[in-house]
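Below are the chains, spelled out letter by letter.
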Amino acid sequence: MMQPTSVRRRRGERTRYAVYAVRHSPLSLIGFLIVLTLAFVAILAPWIAPYDPYKLSIGDRLQPPSWQHLAGTDIVGRDLLSRVIYGTRISFLVGIAVVTVSISVGVVLAAMAGFYGGALDMVLMRITDAFLAIPGFALAMVAAAVFKPSLFNMIWAITLVSWPWNARIIRAEVLRLRNADFVLVQKALGAGSMRMIFLHIIPNCMGPILVQASLQLGLTILASAGLSFLGLGVQPPLPDWGLMVAEGRTYLPGRWWLVTFPGLAIFLLVTGFLLAGDGIRDLLEREVS
Amino acid sequence: MLRYVLLRVASIPLVMFLVVAIMFSLTHIVPGGAIQVALGPHATIERIEAMKAKYGLDKPLPVQFFTYVRNILRGDFGDSIVRQKPVISEIGTFLPASVELVVLATVLIVVIGVPLGVMAATHKNGFLDYLCRGIAIGGVSLPSFWLALMLLLAFSFGLHLLPTGGRIDPSVSPPAHITGMYLFDSLFTGNWAAFLDSMRHIILPAFTLAITNISTTARLTRDGMLKVLKEDFIALAWAYGLSPRKVYYKYALKNAILPSITNLGMTLAYLLGGDFIVETVFSFPGLGFYATMALLQVDYAPIVGAAIIISFMYLCTNLVVDLLYILVDPRIKF
Amino acid sequence: MTPPLLFMPQNGAADDPVLRVRTLCKHFVLRSGLLARRTLKAVDDVSFDISRGEVLVLMGESGCGKTTCGLTAIRLFEPTSGEVIFRGRRLLSLQGNELRRTRQEMQIVLQNPLPSLDPRVTVRRAIAEPLIIHRRFLGLSRSGEEARLAELAKIVGLREEELDRYPRNLSGGQQQRACICRALVLQPSFLVMDEPTSALDVSVQARVLNLLLDLQKELSLTYLFITHGAAVARYIGERVAIMYLGKIVEMGSIDEVLDGPLHPYTRALMNSVLDPHGTVKDKAVLLEGAPESAVDLPPGCCFQKRCKQVSDECLARAPELAKVYEGRFVRCHKADTL
């Protein structure tokens, strides 16, 4: 199937393919839109939020949703909508930080273990097994609690729990590619192991890595919300969604808005990431077949 | 085949050793905060040192680790520093409740998730399909603590149908202790009141725990069914004029269910993990509740003990599931 | 086609065998059951020489070990035992940069061109890769590298615009040309070709074969050419080694072996090649039985299970590769009696 393409037309081909893929998977399109929209909300928070999320206003506390405060106010009178909007920043920050580190670590370790095999691989596999055997959330709780609970420490705690998953998935990919013809040819050409791993094997794992990244973004946000809910994560007065749910819990059932809106925000962002991840996965499967 | 089984069984102690090492390292990186809490803010240095010595926290780390491992092998998981009681006995008290919860959740997952997936597959692209897929996606993204609170809002505070927490009403006496699992024990002894009341208390936590995996199971079943339904032998079944019920349930489902079974391992891991938050929100007195409460008071021994025991249970259950899988799938030979 | 000025023949005594393979073995250990270990002798006791500028064809059925042999001979697999002497150097003793430098001189072209190319890089980048890997050894300037690439692309028949495409956007023939170009860019003197035309369309096969033949003549290349087809072997080869279950069973000049085979296996192979009239020449010599695997071979001759002339001696003692006359070898107890 020769196509008369120049470099410019090749780029056109890629866009056409992307549009085709998206049209055939409306759910993933919704996912991408959600994520993009919320990303913009996070970036533009200072301009979008109607109030200062930290500003106390005791006189206005515990107000139900109204035209002045679309989501109501909390126990010290802070506008809930503004806090939820600023909470988007925290969620993205945590998600991106955790995923970046855990995928980098997972990829490097898995690539080396999968490529070299032998003792290195065995050791890595056992360590991964051990981490995966420990109930994830429990491990994150312990890790978050051991150091003084804070946003920063929570990121490390979740990363600690996340990297084994990545390692396992990437290792499977690396094992598959290690015996591929083009890697064998690289060896004949005189390429060293590092070159083969980082320039040839890992770039060809990008698909699964992306899928894993987007799924993990969603799961990380859920985990961080859970940890903050228990008090082991983000500390007040930061406007973290999980923390807000915890703060509002004591006022149930009367002041339902304190708990509902932050929870909806979590639900929305996580859904976005998971749908996007599904979409990428479907795209990859279609490409293969 | 035998070789495989032996290898798997042999790997468990090794992995458990690593698990213990990991938990030990985590909790001993930062020096004894629990003691501070136990003794209060006005404790003198001498009292702190004395307590450290009592728990062996003044010895060098490798020695502590060795002692720790040795104790675990003897079944001694240390004492809860805050409550001054042996962790292992407390775990024993709280464990049955968690087991009950996880088992019920698993039942819900299979009983709701699989038919949901089948329905979605058989009514492909129909309303039911989209509904199921919607639930599937929604289920995974719901934060468990939030769902718990929403359910409480609806069923407890709103409709006053179900209680707000705990395991059994104070007015109802718990059933005779056989396994420690109220549902089972009350059924076994014919204690209908206790059974009903326990069920009322446990149903919301079980459902909250199950919802994520109901979604995943439904989706996997749906995908599996769709794949199998395209196969030639199904077309042949249709050509023979078999009823839809037979085709779907007798022929297709058996083959389609394999990915769901493989997922069972991961499901278990999730259930055992998510357990902690759900129990805390519902004040359900299980292992997760106990461990979390202790952790929030900077008492590490309970949660470390709980994590180790759960890991062990997880590894064993996984092994059993894998072996069953081999037995069930005739294609796998050794 | 005039030889390009950039492509200089390597130094070395003209008569030295480029490759000497001695008792090369590649055994794989398969584990099954609790304690059982089975050995797959993919390559067993293989010895041959290839002189400068010669084309040695390695021929046999699927599974006879010819691919493994080719890959092991240039140390892409580590041999289980044996010796390989490449241009006077002991290949198996080389390490690190020495090994890397030596790899410049021996290259490989595999059967399936598409998996041989990294799907994420353009053809141009793929061909340039060896130059990048060996940059510090070669001492070429950037423009020098580009010039060499352009020159070779022209020789091999790749158009300028095809170089900027991704492998999946090229036809099979063009993909294979790209692989050949990549193999040549370091100016090797020795090339292993593993069935380079088998995966191509028939119409393209001839063109690529001709290209390989031209390249061999013009650039004084030495080939180890692996194939299972007699026609291809005759077209490109000078000498041939027939392999069966990991062993060389017959070796000699191509016309002599293919027209006058001495080993029972070779005879059966040649008889099963259909001639243009579609008739099988001699039915009595046809092979019986299914293709075997080289796992847990019994003692004795490797061909014992399918040979029509098998005797007790064949079962008891494995024959050696014996010289029949200069340059002609057969591994059979009965070779002189047939």
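Refer to the preceding data block for the structure.
Cut-offs and rules
- Residues numbered from 1 in each chain as written.
- Chains lettered and ligands numbered in written order.
- Predicted model: local features only at pLDDT ≥ 70, side-chain atom pairs only at ≥ 80, totals over all residues.
- Helix = DSSP H or I, 4+ residues; strand = E, 2+ residues; numbered from the N terminus.
- Buried ≥ 20, exposed ≤ 12 C-beta atoms within 10 Å, placed from the backbone.
- Contact = placed C-beta atoms within 7 Å.
- Nonpolar A, V, L, I, M, F, W, Y, C, P; charged D, E, K, R; others polar.
- Pairing = 2+ DSSP bridges.
- Axes fitted to C-alpha atoms, helices over the stretch in contact; angles between N-to-C directions.
- Core = buried A, V, L, I, M, F, W, Y, C linked by C-beta atoms within 7 Å.

Caption draft 1: Focus on the overall build of chain B. A tally of regular secondary structure across chain B gives 14 helices and two strands. The principal-axis extents of the C-alpha atoms in chain B amount to approximately 85 × 55 × 40 Å. Burial status across chain B gives 40% buried among its 334 residues.

Caption draft 2: Local environment of the overall build of chain A. Of regular secondary structure, chain A possesses twelve helices and zero strands. The helix and strand sequence of chain A, counted from the amino end, reads α-α-α-α-α-α-α-α-α-α-α-α. Reported as C-alpha extents along the three principal axes, the dimensions of chain A are approximately 75 × 50 × 25 Å. A total of 289 residues make up chain A; the buried ones form 50% of that total. Sequence separation of at least 24 residues holds for 70% of the intrachain contacts in chain A that already meet a minimum separation of 6.

Caption draft 3: Looking closely at the interface of chain A and chain C. On the side of chain C, 24 residues touch chain A, which itself brings 19 residues to the contact. Going through the elements one at a time, α8 (181–189) and α9 (193–201) of chain A are the ones with two or more residues in the side of chain A that touches chain C. Here the element with the most residues in the side of chain A that touches chain C is α8(A); it accounts for seven residues. Considered class by class, the residues forming the side of chain A that touches chain C number ten nonpolar, six polar and three charged.

Caption draft 4: Region of interest: the environment of B:Thr221. Residue and element names in this part refer to chain B. Structurally, Thr221 is set in helix α9 (residues 192–229). Along the primary structure Thr221 and Leu258 are separated by 37 residues, whereas in three dimensions their C-alpha atoms are 8.6 Å apart. With near-sequence residues (within four places) excluded, Thr221 lies in contact with Gly113, Val114, Gly117, Val118, Ala256, Ile257 and Ser260.

Caption draft 5: Geometry of unusual backbone geometry. That bond from A:Pro236 to A:Pro237 is cis: its omega, 5 degrees, falls within 30 degrees of zero. Assignment of secondary structure puts A:Pro237 in the loop between α10 (206–230) and α11 (241–249).

Caption draft 6: Structural view of helix α4 (residues 123–133) of chain C. Most of α4(C) sits inside the fold, with eight of its eleven residues counted as buried. Every buried residue belonging to α4(C) is among C:Val123, C:Arg124, C:Ala126, C:Ile127, C:Glu129, C:Pro130, C:Leu131 and C:Ile133, and all of these are buried. As for α4(C), its buried residues are in contact with α8 and α9 of chain A together with α5 (135–138), α6 (142–156), α7 (160–163) and α8 (172–184) of chain C.

Caption draft 7: Up close: the sheet that holds strand β8 (residues 222–227) of chain C. Residue and element names in this part refer to chain C. In space, the eight strands of this open sheet follow the order β6-β7-β8-β3-β9-β10-β12-β11, with mixed pairing throughout. Of all the strands in the sheet, the pair left with one neighbour each is β6 (106–109) and β11 (322–325). On average, each strand axis in the sheet is tilted by 20 degrees relative to the strand beside it, whichever way the strands run. Bridge count for strand β3 (residues 55–59) against β8 is five bridges, and the pairing is parallel. Bridge assignment links Met59 to a residue of β8, and that residue is Thr227.

Caption draft 8: Broad picture of the nonpolar core. Counting residues in each nonpolar core, the largest one holds 258 residues, and the members touching the most others are A:Ala140, A:Met141, A:Val142 and B:Ile303. Per-element accounting of this core gives the leading share, 16 residues, to helix α4 (residues 80–116) of chain A. Sequence-distant contacts of A:Ala140, defined by excluding residues within four places in its chain, comprise A:Ala157, A:Ile158, A:Val161, A:Ala223 and A:Leu227. In terms of nonpolar packing, the next biggest core, distinct from the first, is built from five residues, B:Ile168, B:Met181, B:Ala194 and B:Phe195 among them.

Caption draft 9: Examining the interface of chain A and chain B more closely. Taken together, the 39 residues of chain A in the interface contact 37 residues of chain B. Among the secondary structure elements, those contributing two or more residues to the side of chain A that touches chain B are α5 (118–133), α6 (136–146), α10, α11 and α12 (257–288) of chain A. Top element by residues in the side of chain A that touches chain B is α6(A). It accounts for nine residues.

Caption draft 10: Highlighting the sheet that holds strand β5 (residues 89–90) of chain C. Residues and elements named next belong to chain C. Pairing is antiparallel in the open sheet, where four strands are placed in the order β2-β1-β4-β5. The sheet is open, and its two edges are formed by β2 (37–51) and β5, each paired on a single side. Note that strand β4 (residues 81–86) and β5 share two bridges and pair antiparallel. Looking at the pairing, Phe86 lines up with Arg89 of β5. Sheet strands touched by helix α1 (residues 66–73): β1 (17–31), β2 and β4. Its angle to β1, the strand with the most contacts, is close to 120 degrees.

Caption draft 11: The environment of C:Arg38, seen in detail. Residues and elements named next belong to chain C. Mapped onto the fold, Arg38 is located in strand β2. Arg38 gets classed as partly exposed once you count the C-beta atoms within 10 Å, which come to 13. Residues Arg38 and Leu213, 175 residues apart in the sequence, show an inter-C-alpha distance of 41 Å.

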